[in-house]
Amino acid sequence: MTRLFEKIGRLIENHPFKVLLTALFLVVVMLIGARNIYMATGNDTLVDAETEVYKRHEEMEDTFGGDSILVVFEASTEEELLSVENLTKMWNVEKRMAYDADIYSIMSPATLLHQMTIRQSDVMEENVLELSGGLSEMGSKLSEIGNTLLLKEVPDPKEMEEKLQGFTQATSNFDKLIDGQNNIATGIGGLSDGTWNAAEGISTISGKLKELGNTAAGNPQMSMQLTALAENLDKSASGLKEMSARAKQLEGGPRETATALDGIKDRLGSETEAMKDSLKGGISPEELKTMAEGFITMGGSFTEISGALAMFHEKSDMMEASLPKSQEEADLLLYEEGNLRTVFSDVVKEGTTGMMIVKLDGGVSDARKVEIIEELNQGLSGENFDTLTYMVSGKPVLDTSLQSEMKVNMMIMVGSALVIMLLVLALVFKVQWRMLSLAVILVSVIATLGFMGHISVPVTMVSMAVFPILIGLGIDYSIQFHNRYEEEGSVVSTVKHVGKAVFIAVLATILGFLSLYISPVPMIQDFGKMLTLGVFISFLGSLFILLPILHIRNTIGKPSSVQQKSAGAEAGSRVKSVLGAMTGFILKLKYPILIFFLLLSVAGFSRDSSIGIETDMESFMPQEMPALVDLHTVRDVMGSTDQVILYLTGTDLDKAASLESIKETGDYLEAKYPDVITDVKSLAGSAMLFSGDETLSFKDYAETVSDLPVSMSSMFITEDATKSALILNIRHLPTSELEEFVTSLKETMNESDLNAAVTGKSILDIEMVKGLTSGRLAMTGLGLILVFAALLLIYRNPVKALIPILPVVSIIGLSSGIMYLAGISYTPITATLGALVLGMGTEMTIMLMERYTEERRKGEGREASMKNAVGSIGVAILASGLTTVGGFSVLMLSDFVILRDFGLMTVVNISLALLSTFVLLPPILNLMDRFLLSGKEKKALAILSEKEEMTA
């Protein structure tokens, strides 16, 4: 390995410009991928997409829709909220959004009101058909009477009476028509033209009756009766015309129609009876003929009216029901006996608050969510709601806001990290062009960002902390190379002596980070990928960008370099003296120090299991973020925004027996978990609400299902009725309490007759908790094994492979103790601390051990070698450690709570790593010295010692 790095050093020294340009070209190629970088906050960042829990959740969302955008409307009074003007504006927004293929359903007060007008329109269509049939039968009877009169020259009065009796019985069809009209709760919208035709037809009949009355002048009694009948029909026709003019009055029209039809029935009956009486006195053939023709004309008119109504019914599908145009019409649908109908209870809260629920399809991308939210906001603002205010919220809105907040925080953190590191380098790292190391690492971090775009690794709430971390870690490598180059003045010598040590440290760091890959939480896996690649790219940047630039600098400007080197050497000499004196003092107290660290570490490890675990995603976010505040407001209004969903499968889930079973299950669960479940939503409950009567049979409710708005029914039942959803709205619970509830719920449902799978976003949160609790110790343990195995492979010496790890293990124990005392919980990111400390801490210990071994090979004694090693490399370690601390410290300035806690603990851990490197590692190396050198090296060292003694 030493020869390999020597060759790399010669390559850089002989061809600095080619190496530098090639490296920069590769950086540009990687940077192109930055345009593919995207933020991810979805479920796939929490739970592995290959798990059964995730797949079941995805299946449920594909079937019943995904997250919902919630629009909360606030008005000063219920009258303002439910005014026709505002309802119409809500409906306009819905119509605008209805054509978006990624929207599963929309529901609001306007949706339900529109559905009620559709329902009444359907009832009216049914009654129009019934009216058409009744009129057709009456026309046939009248024509039959007329034709009978014409066929007989001298009609038999008894036969005429029988015919008239048949007509009298035919008028009983009006009873069905009258009942149908009285069943219409609201207007007759599109029936206006048909009603007008009916009125015209009745007017025609009236005219014919008048003509018949005029021809019966020889029979004054009959003439009077026919004239009276014609006048009554005129009045009825006038009533129908008036009804046509008021067709949009949802209740008045049908009732007037019923009244008019009732009058026609009564008058036709009474006048027909009178006509039968008049026949008893006889009638002339001319009068009989005229009367017959009149009846035929009347029959034809009724038949024409029937045909017109039948055609109206056939074409009624072409008409679209609309919202009421007047407040009076709207109130007839909204209220029942002065109270708001129960069907509106899901979308109208406390009278003055309304809800519009825009449910998205499952699997909608974050980019599409942003577009849909923007379109919804544009639609709402375009309607100019003057008498109410609105607020757009929900998880999609929170995720979108969170992504924007993440971008801002990332820029602030990176900028702050650069400023702090500039200050630290200016104060601690006294070499020429000291800021070059920071510039090189910044280029490496940008290249890493671009590379992540090439391989489609997203930035999550956890991985956005990568960039300050990489700046802090990467600058360590640059400082080591830079420090040694200023010391040696040669690229070949620098790479030969430092390259191997830094590479081993990088390898150990990467192996420590690789342990993050076994985490079942995807965003921790992505965090590990970014750290692993970022560290390696930073190492390559230090090697192939920093060193060529330094060599070119020295080649072009040698005098200035020498002068600056001299000044840096003088400052470094003072630090070296201080560090050397401190090391001598530490070695004298090596046993107390080792015992002290051992006791503290054991105490820390013993408290690790008592540290809490926080996985509430909302608690990780900036608590003053407007979208989060809005979500809390919505939660207060709705009672809950958290849900557990029972995903039901079976057959005929929309039938009475299934509805009853689902309703009983919901009621039972609500009674069993009153402190958790705030509300239960199901197909059965929706049918009961829409019917407005909770005392009906489930058979009646099953019939009501077909009348439910699609936006309501689609949330609970599939078209083939083989899948259904029982939604349990629950309080916002700590994850531990939520897990207990879900475990109990699963046991309860196992005993149920329903085939139910427990799913929902809350179940994904529980799965993430399991991933953190089960994966945290495994990650740390695997990291230790990987690092030890790699060092063992390189050194072929188990003791030498173990020495750099011992201080890190101590740090992990100390870190657990500090977290316990500080009351800091494990989060998705602090759960990675063990692996991070392992990766970062071993880098420092390996560098010091390698330098100590190098000094020992020169023939120095143990104490002298330790002082020289600490004095020589200590400045670089101190500088890199402090800059790393500075980089991590900016995390504590983040608005994200999850990053603040992580920043605090990483600052503590890096500080402990520095402390253990300078305080704990020297005593360990001193005690284990005899295991560090190989037999060959010890023999060469003995020969060198003998020569020195002989020379002395």
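Calculation criteria
- Residues numbered from 1 in each chain as written.
- Predicted model: local features only at pLDDT ≥ 70, side-chain atom pairs only at ≥ 80, totals over all residues.
- Heavy atoms only, no water.
- Helix = DSSP H or I, 4+ residues; strand = E, 2+ residues; numbered from the N terminus.
- Buried < 20%, exposed > 50% of the residue type's maximum accessible area, 1.4 Å probe, protein only.
- Contact = heavy atoms within 4.5 Å.
- Areas by Shrake-Rupley, 256 points an atom, 1.4 Å probe, with all protein chains shown as cover.
- Patch = residues over 30% accessible without salt bridge, like charges linked within 9 Å, V, L, I, M, F, W, Y side chains within 5 Å.
- Salt bridge = Lys/Arg side-chain N within 4 Å of Asp/Glu carboxyl O.
- Pairing = 2+ DSSP bridges.
- Axes fitted to C-alpha atoms, helices over the stretch in contact; angles between N-to-C directions.
- pLDDT = per-residue confidence, 0-100.
- Phe/Tyr/Trp six-rings, centres within 6.5 Å; stacked < 30°, edge-to-face > 60°.
- Lys NZ or Arg CZ within 6 Å of the ring centre and 35° of its normal.
- Expected span 1.5 Å × (residues − 1).
- Bend = angle between axes of the 7 residues up to and from the residue.
- Parallel < 35°, antiparallel > 145°, perpendicular 65-115°, else oblique.
- Left-handed = near helix turned anticlockwise from the far one by under 90°.
- Nonpolar A, V, L, I, M, F, W, Y, C, P; charged D, E, K, R; others polar.

Q: Sorry if this is basic, but what is going on with the overall build of the chain here?
A: Regarding its fold elements, the chain presents 35 helices and 11 strands. Expressed as a percentage of the 952 residues in the chain, the buried residues total 55%. Taking as baseline every contact in the chain between residues at least 6 positions apart, the subset at least 24 positions apart corresponds to 84%. Accessible surface, the chain: about 39,500 Å² in total, of which carbon and sulfur atoms supply 56%.

Q: Whenever I open this one, a nonpolar patch on the surface confuses me. Can you help?
A: Side chains of F25, L26 and V29 sit close together on the surface and give an oily, nonpolar patch of about 290 Å² of accessible area. With respect to the helices, strands and loops of the structure, F25 is situated in helix α2 (residues 16-31). Relative accessible area serves as the criterion here: at 55%, F25 is assigned to the exposed category.

Q: Sorry if this is basic, but what is going on with the pattern of salt bridges here?
A: Charged atoms that come close allow side chains of opposite charge to pair. On inspection of all chains with the given rule, the structure shows 19 salt bridges. Of the charged contacts in the structure, one is a salt bridge between K89 and E85, with a shortest N-O distance of 3.2 Å. Pair noted here: K89 and E85 are both in helix α5 (residues 84-97), with a separation of four residues, about one helical turn. You can call E85 partly exposed: its relative accessible area is 43%. For the salt bridge of K867 with E863, the shortest nitrogen-to-oxygen distance reads 3.4 Å. Here E863 and K867 lie together in helix α33 (residues 862-889), a separation of four residues that amounts to about one turn. Look at K867 and you get partly exposed, because its relative accessible area is 31%.

Q: Please explain the sheet that holds strand β11 (residues 756-759) as it appears in this structure.
A: Paired through backbone hydrogen bonds, the strands of a sheet run either parallel or antiparallel to each other. Taken in spatial order, the four strands make up an open sheet running β9-β10-β8-β11, and their pairing is antiparallel. Two strands bound the open sheet, and with one partner strand each, they are β9 (677-681) and β11. Within the sheet, the average angular offset between the axes of one strand and its neighbour, ignoring direction, is 20°. Relative to β11, strand β8 (residues 642-649) is paired through four bridges, and the arrangement is antiparallel. Residue pairing for β11: I645 is matched across the bridge by T759.

Q: Looking at this model, I keep getting lost on the environment of M625. Mind explaining?
A: When you line up the elements, M625 lands in the loop between α22 (617-620) and α23 (626-638). Taking the relative accessible area as the measure of exposure, M625 reaches 3% and is therefore buried. Sequence spacing of M625 and L402 is 223 residues, and the spatial spacing of their C-alpha atoms is 8.4 Å. Setting aside residues up to four positions removed in sequence, M625 forms contacts with L398, S401, L402 and E405.

Q: Explain the confidence of the model for the chain to me, please; I cannot follow it from the model alone.
A: Should pLDDT be low for a region, the predicted coordinates there are not to be read in detail. For the chain, per-residue confidence averages 78 on the pLDDT scale, and 75% of positions sit at 70 or higher. At the level of individual helices and strands, the chain shows its lowest average pLDDT in helix α7 (residues 157-170), which scores 58, and its highest in helix α21 (residues 590-606), which scores 92. Contacts for the low-pLDDT stretch residues 246-251, under 50 throughout, to residues beyond four places or in other chains number 21 contacts. Segment residues 559-568: pLDDT under 50, and 11 contacts once partners within four positions in sequence are set aside and those in other chains are kept.

Q: Looking at this structure, I do not really get the side chain of T509. What am I missing?
A: Here T509 is to be found in helix α18 (residues 491-514). Setting aside its immediate chain neighbours within four residues, T509 contacts Y477, V535, G839, T842 and E843.

Q: How should I be thinking about the pairing of strand β1 (residues 68-75) in this particular structure?
A: In summary, the side chains of a regular strand alternate between the two faces of the sheet. Burial analysis of β1 places seven of its eight residues in the buried class, the great majority of the element. Sheet topology places β1 next to strand β6 (residues 353-360); seven bridges connect them, and they run antiparallel. Looking at β6, one finds that S68 is bridged to K359. As paired elements, β1 and strand β7 (residues 388-393) share six bridges and run antiparallel to each other. Residue pairing for β7: F73 is matched across the bridge by Y390.

Q: Looking at this structure, I do not really get the packing of aromatic side chains. What am I missing?
A: Two aromatic rings are characterised by how far apart their centres lie and by the angle between their planes. One pass over the full model with this rule turns up 10 aromatic pairs. On the basis of an interplanar angle of 50° and a centroid distance of 5.5 Å, the ring pair of F73 and F385 is categorised as tilted. On the criterion of sequence distance, the pair formed by F73 in strand β1 and F385 in the loop between α14 (366-382) and β7 is long-range, its members being 312 residues apart. F385 matches F73 in its accessibility class, with the two residues each being buried. Each ring, one from F596 and one from F597, has its centre 6.2 Å from the other, and the planes form 90°; the classification is edge-to-face. The buried category is assigned to F597, whose relative accessible area is 8%. Through successive ring pairs, a cluster of aromatic residues spans F5, F481, F503 and F539. Across from the ring centre of F385, 5.9 Å away, lies the NZ or CZ of K89, which sits over that ring.

Q: Even after reading the chapter, I still don't get helix α34 (residues 897-927), so can you show me in this structure?
A: Every α-helical turn comprises 3.6 residues, leaving residues that sit three or four positions apart pointing alike. The end-to-end C-alpha separation of α34 is 43 Å, in line with the 45 Å expected for 31 residues at 1.5 Å each. At S916, α34 is bent by approximately 45°, the largest bend along its length. Where burial is concerned, most of α34 is hidden: 24 out of the 31 residues are buried.

Q: Explain the packing of α2 against helix α16 (residues 436-454) to me, please; I cannot follow it from the model alone.
A: Angle between the axes and distance between the axes: these two values describe a pair of packed helices. The geometry of α2 relative to α16 is characterised by a closest axis approach of 7 Å and an angle of 45° between their N-to-C directions. In this view, α2 runs oblique relative to α16, as classed from their interaxial angle. In this structure, the crossing between α2 and α16 has a hand that is left-handed. Contacts between α2 and α16 involve V27, V29, M30 and L31 from the former and V443, I446, A447, G450, F451 and H454 from the latter. Split into classes, the residues belonging to the contact of α2 with α16 amount to eight nonpolar, two polar and no charged.

Q: In this structure, what is going on with helix α25 (residues 683-691)? I would like to understand it.
A: Burial analysis of α25 places eight of its nine residues in the buried class, which makes it a mostly covered element. When we look at burial in α25, the residues that qualify are L683, A684, G685, S686, A687, M688, L689 and F690. G692 lies just past α25 and shows a positive phi near 75°.

Q: Is there a simple way to think about the side chain of H57 in this case?
A: Its location among the elements puts H57 in helix α3 (residues 52-64). Under the relative-accessibility criterion, H57 is labelled buried at 2%. Beyond its immediate stretch of four places on either side in the chain, H57 contacts N43, T759, G760, K761 and L764.

Q: Just checking my understanding: could you explain the packing of helix α17 (residues 466-488) against α33 for this structure?
A: Remark: α17 packs on α33, axes separated minimally by 8 Å, with the N-to-C direction vectors making an angle of 165°. On the basis of the axis angle, α17 is roughly antiparallel to α33. Here α17 runs over α33; the crossing is right-handed. Mapping the contact onto sequence places P468, I469, G472, L473, I475, D476, I479, Q480 and N483 in α17 and S872, I873, A876, I877, A879, S880, T883, T884, G887 and F888 in α33. Broken down by class, the residue content of the contact of α17 with α33 amounts to 10 nonpolar, eight polar and one charged.

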